[in-house]
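Summary of the model geometry
These are the residues of each chain, in order.
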Amino acid sequence: MDGWVALLVALVLVDAGGVVGQEAQKAPWRIHTLFSVECQNYFDWQTVGLVHSFKKARQPGPITRLLSCTEEEKKNYKGMEIAPTFEVPSMSKHPKTRDWYPAINKPAGIVHWLKHSEDAHNVDWVVILDADMIIRGPIIPWELGAEKGKPVAAYYGYLVGCDNILARLHTKHPELCDKVGGLLAMHIDDLRALAPLWLSKTEEVREDKEHWGTNITGDIYGKGWISEMYGYSFGAAEVGLRHKINDDLMIYPGYIPRNGVEPILLHYGLPFSVGNWSFNKLSHHEDNIVYECNRLFPGPPYPREVEAMETNPTKKRGLYLSIECINTLNEGLLLHHLSVGCSKPQWSKYLSFLKSKRFAELTGPKYLKHKDTGIQKAELNKAANDVPRTTYPKIHTVFSTECTPYFDWQTVGLMHSFHLSGQPGNITRLLSCTDEDLRRYLGHDLAPTHYVPSMSRHPLTGDWYPAINKPAAVLHWLNHVNIDAEFIVILDADMILRAPITPWEFNAERGRPVSTPYDYLIGCDNELAKIHTRHPEACDKVGGVIIMHIDDLRKFALLWLHKTEEVRADKAHYATNITGDIFGSGWISEMYGYSFGAAELNLRHTINNEILLYPGYVPIPGTNPRVLHYGLEFSVANWSFDKANWRDADLVNTCWAKFPAPPDPSTLTSTDENILHRDQLSIECMTTLNDALYLHHKRRNCPDPNRKSNLQQEVENEVTISQRVERSERGLSSIRKLNVPIDAFRESPLLVIHSVVGSLRYWLIGLWAISVLGFLAVISVVLSGHKEEGTRSKIVRSKRRTSYSGHFGTSGSSQIPE
């Protein structure tokens, strides 16, 4: 078999995952690689090179080209088949501002892919690259140290705007701005949170022409060309993503790698040279090389020539990387030409080298070890035991809610803090709703959700007790979902996560769950426990945060539900002195259901009092709680917050709704460190909730509250056309008849005006219909009169007409002329 054909077949097998050695690269999680291009020759030859190197490097998972083209460009485009492709709308010319800025297609394309691609729903980790790159070895996010909330990225030190006024203008968290780009490896959940802000911040920086100066941005052209890079950094800062910055994974050809470092990515964005040979991608902007059979870029010096021209081993390594870059690119072009039916190329010394064993050895996949990643050990292993990341068990976090506005704003807060905290693994909302509730529910997209039947009204007893949904939902989830996690973390919706909660850090084990103290569960110490469990001595006063092995949870969940029902039915022992429930109404039956169910199985808990804190309480000195549980009212100075006061507030579906802001931390004056820490945590809790709501409204594309919108302009036009109907008494009367609150008029004036004008139109149409029917009735009577009294005089007939005309006049119609 011809050498080129053999190589082509081998690469096809690599793509299908069938080559020798691929077994070692099977990933425990799903990876998808993305890159963004436009439909131009310039990007087509880059695409061929990148996709070829992707296969050659044995990168796990699929690769997708996000192709941004206008309809006009697509008519003449020839490269639709050169790579796995997902088409996205072109934003090179901004649809609103008409600004020409093709770089915005990168975040815009990713947003579109997340919304519309099935692949986006079947992936755990995403690697984002640029088209002008050559992959040298597998890019495995978790092997590089990436975690949820902590992506890995390459260092872009020239983004000086992270250190000056630019960051202060465009992000509320300039201290979180990381100078990163090029290679991005992140969890899909982080990308979903980031992508809309990446796009909006790119637009924002692009419009800020006053701060395009080189001294502010670092852009040597001072033209705002790197706005997309700042859009990424500022968007990531907004959602609290902190990067594990690595300066060793990627290198520009022409640069010299550090001693002992083997880069896995070559980024040929800058001109580079080896001896008298050089390459500059910009010189090939209109190059049709992909579509000209067997044409290649000028070949660089051979390895033996590099050996002769450079004696310094370090510099020599840099030169080898430069020639590897262009040789791999040329190899990709040759194989592409072969795949589309080009004739076999004529023999040449250079082609012979590209088929040689020497070239194959030089360009084989490079595999990284942790010591090669350039990430400090402290960042890779933050657990207390410093256990290597690869030995950690998988975690899944769940929380229970109902489909009400009250739980929706809590969900938004918890999900936002989950992403900020870096909590490993996935998260699922257990949503308990009746069928009727679901038909009206608007919050399906607030969190990854498992739907469960509501037990708020018990199906057998008719008892109204929504708290039972928690154990019922956990049981339903266990019975209906294929769960591959080893440990489950169970939270409540009214919590803010501040840092990861992991079984290895808090010593959770099979048969030994971890939880937080609920000392008010005094029923563990009296007759209540003796009545409801055979092992009252094993009853632990715990709740709030639960870390439990999946095997224990599978045995325990049904007992949790049954014991909750049992305690709830025991009304004879609801009293405060027995249960500790200050209302004496059985409201904490679910908490006892948990403790008694665990006792039945002799599950004894490791009780940790440093994980959870109620805002308003003084933290244990020297501790930093992982979770803030805002289940009780708390205050700072004259400001206070009680979640119960917001039970019916629809903050999620009301644009820019938020809670009253707490005091500025800088205004705190207490000299007592404990009190100061307490108040700072209270402020942090509320600030996080408000930040979560703000980002939620931004993702929902709420109109800018500081700018006059097109909607408001339409309102003004309607007001003029309707002669300011809303200000007239008749207009207000119509609003009241429609049961539209007057406040709604202020919040959504266009809707109300349409309602008012619409009601007037209906009234006029009705009046017109009555008039027509009346007219027909008159004609009918007149004709009848002609038949019965044909001898009557014209005067009598005229009087009769006049009489009927008077009847119509009362209906608001004009009289019928004679």
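All of the points below concern the structure found in this document. Being a predicted model, the structure only gives us computed values, none of them experimental.

**Points about the overall build of the protein**
From N to C terminus, the protein includes 26 helices and 24 strands. The buried share of the protein, taken over its 818 residues, is 52%. Considering only residue pairs separated by 6 or more positions, the protein has 74% of its internal contacts joining residues 24 or more positions apart.

**Examining the state of the cysteines**
Under the criterion given, the structure shown has six disulfides. Here cysteine 39 pairs with cysteine 69 through a disulfide, and the sulfurs are 2.1 Å apart. Of this pair, cysteine 39 sits in the loop between strand E1 (31-38) and helix H2 (41-56) while cysteine 69 sits in strand E2 (residues 63-69), placing them 30 residues apart in sequence. The pair cysteine 39 / cysteine 69 is uniform in exposure class, with both members buried. Within the protein, bonded cysteines paired by disulfides and numbered along the sequence follow the pattern 1-2, 3-4, 5-6, 7-8, 9-10, 11-12.

**Focus: the pairing of strand E19 (residues 542-549)**
Within E19, eight of the eight residues are buried, leaving the element largely enclosed by the surrounding structure. When strand E16 (residues 487-492) meets E19, the two strands line up antiparallel, connected through four bridges. Paired with isoleucine 488 across the two strands is methionine 548, which belongs to E19. Bridging between strand E18 (residues 514-517) and E19 involves four bridges; their strand directions are antiparallel. Bridge pairing in E19 places serine 515 opposite isoleucine 546.

**A look at the sheet that holds E16**
On the basis of which strands lie adjacent, the open sheet formed by seven strands has the order E15-E14-E13-E16-E19-E18-E20 and mixed pairing. Among the strands making up the open sheet, the edge pair consists of strand E15 (449-453) and strand E20 (606-607). By the bridge criterion, six bridges tie strand E13 (residues 395-402) to E16 in an arrangement that is parallel. Directly across from histidine 396, in E16, lies its bridge partner isoleucine 488. Set on the sheet, helix H16 (residues 469-480) makes contact with E13, strand E14 (426-433), E15 and E16; between it and E15 the angle comes to about 115°.

**Let's talk about the packing of H16 against helix H18 (residues 550-569)**
Direction vectors running N to C along H16 and H18 enclose 140°, while the axes themselves pass 9 Å from each other. By the angle between their directions, the pair H16 and H18 is classed as oblique. In the crossing of H16 with H18, the sense of the turn from one axis to the other is left-handed. When H16 is examined against H18, the residues Lys470, Pro471, Ala472, Val474, Leu475 and Leu478 are found in contact with a partner set consisting of Ile550, Leu553, Arg554, Ala557, Leu558, Trp560, Leu561 and Thr564. Per-class residue counts for the contact of H16 with H18 are 11 nonpolar, one polar and two charged.

**What to know about the nonpolar core**
Trp45, Leu129 and Ile139 are the most contacted members of the largest nonpolar core, which has 78 residues in total. With nine residues, helix H10 (residues 313-339) is the largest single contributor of residues to this core. Residues in contact with isoleucine 139, not counting those within four places in the same chain, are Ile31, Gln59, Val127, Leu129, Leu144, Leu183, Ile264 and Leu265. With 66 residues, the next largest nonpolar core counts Tyr392, Leu528, Trp639 and Ala657 among its residues.

**Details of the packing of aromatic side chains**
On inspection of all chains with the given rule, the structure shows 37 aromatic pairs. Both rings, one in tryptophan 198 and one in tyrosine 232, keep their centres 5.0 Å apart while their planes meet at 80°; by these two values the pair is edge-to-face. Here the residue tryptophan 198 occupies a position in helix H6 (residues 188-207), and tyrosine 232 occupies one in helix H8 (residues 227-238), the gap between them amounting to 34 residues. An aromatic cluster of at least three residues, connected via ring pairs, comprises Tyr406, Phe407, Trp409, Tyr630, Phe634, Trp639, Phe641, Trp646 and Phe659. When the ring centre of tyrosine 302 is taken as reference, the NZ or CZ atom of arginine 304 above it lies at 5.5 Å.

**What about the packing of H6 against H8?**
At a minimum axis distance of 7 Å, the contact between H6 and H8 shows a crossing angle of 130°. Of the possible angle classes, the one that applies to H6 and H8 is oblique. Handedness of the H6/H8 crossing: right-handed. Residues Leu194, Leu197, Trp198, Lys201, Thr202, Val205 and Arg206 of H6 lie in contact with H8, whose contacting residues are Ser227, Glu228, Tyr230, Gly231, Tyr232, Phe234, Gly235, Ala236 and Glu238.

**Some points on the environment of glutamate 673**
On the secondary structure map, glutamate 673 appears in helix H21 (residues 673-699). When its relative accessible area of 58% is taken as the criterion, glutamate 673 is described as exposed. Placed 52 residues apart in sequence, glutamate 673 and proline 621 show a C-alpha to C-alpha distance of 9.0 Å.

**Focus: the side chain of asparagine 526**
Looking at the secondary structure, you find asparagine 526 in the loop between E18 and helix H17 (527-532). Taking relative accessible area as the criterion, asparagine 526 reaches 18% and is therefore assigned buried. One polar contact links the side chain of asparagine 526 to the main-chain amide nitrogen of leucine 528, over a distance of 2.9 Å. When sequence neighbours within four positions are dropped, the list of residues in contact with asparagine 526 reads Asn577 and Ile578.

**Things to note about the sheet that holds strand E9 (residues 250-251)**
Pairing between sheet strands relies on hydrogen bonds along the backbone, with the strands arranged either parallel or antiparallel. The sheet built from three strands is open, its strands ordered E5-E10-E9 with mixed pairing. In this open sheet, the two edge strands, each paired with only one partner strand, are strand E5 (133-135) and E9.

**Some points on the environment of glycine 580**
Within the secondary structure, glycine 580 sits in the loop between helix H19 (576-579) and helix H20 (589-600). As a C-alpha pair, glycine 580 and tyrosine 520 span 60 residues in sequence and 5.7 Å in three-dimensional space. Among all residues touching glycine 580, those that are not within four sequence positions of it are Tyr520, Ile522, Ala575, Ile588 and Tyr592.

The rules behind these values
Residues numbered from 1 in each chain as written. Predicted model: local features only at pLDDT ≥ 70, side-chain atom pairs only at ≥ 80, totals over all residues. Heavy atoms only, no water. Helix = DSSP H or I, 4+ residues; strand = E, 2+ residues; numbered from the N terminus. Buried < 20%, exposed > 50% of the residue type's maximum accessible area, 1.4 Å probe, protein only. Contact = heavy atoms within 4.5 Å. Disulfide = S-S within 2.5 Å. Pairing = 2+ DSSP bridges. Axes fitted to C-alpha atoms, helices over the stretch in contact; angles between N-to-C directions. Parallel < 35°, antiparallel > 145°, perpendicular 65-115°, else oblique. Left-handed = near helix turned anticlockwise from the far one by under 90°. Nonpolar A, V, L, I, M, F, W, Y, C, P; charged D, E, K, R; others polar. Core = buried A, V, L, I, M, F, W, Y, C linked by side-chain atoms within 4.5 Å. Phe/Tyr/Trp six-rings, centres within 6.5 Å; stacked < 30°, edge-to-face > 60°. Lys NZ or Arg CZ within 6 Å of the ring centre and 35° of its normal. Polar contact = N/O pair within 3.5 Å; in protein donor to acceptor, adjacent residues only side chain to side chain.

All we've got here are geometric facts, nothing functional implied.
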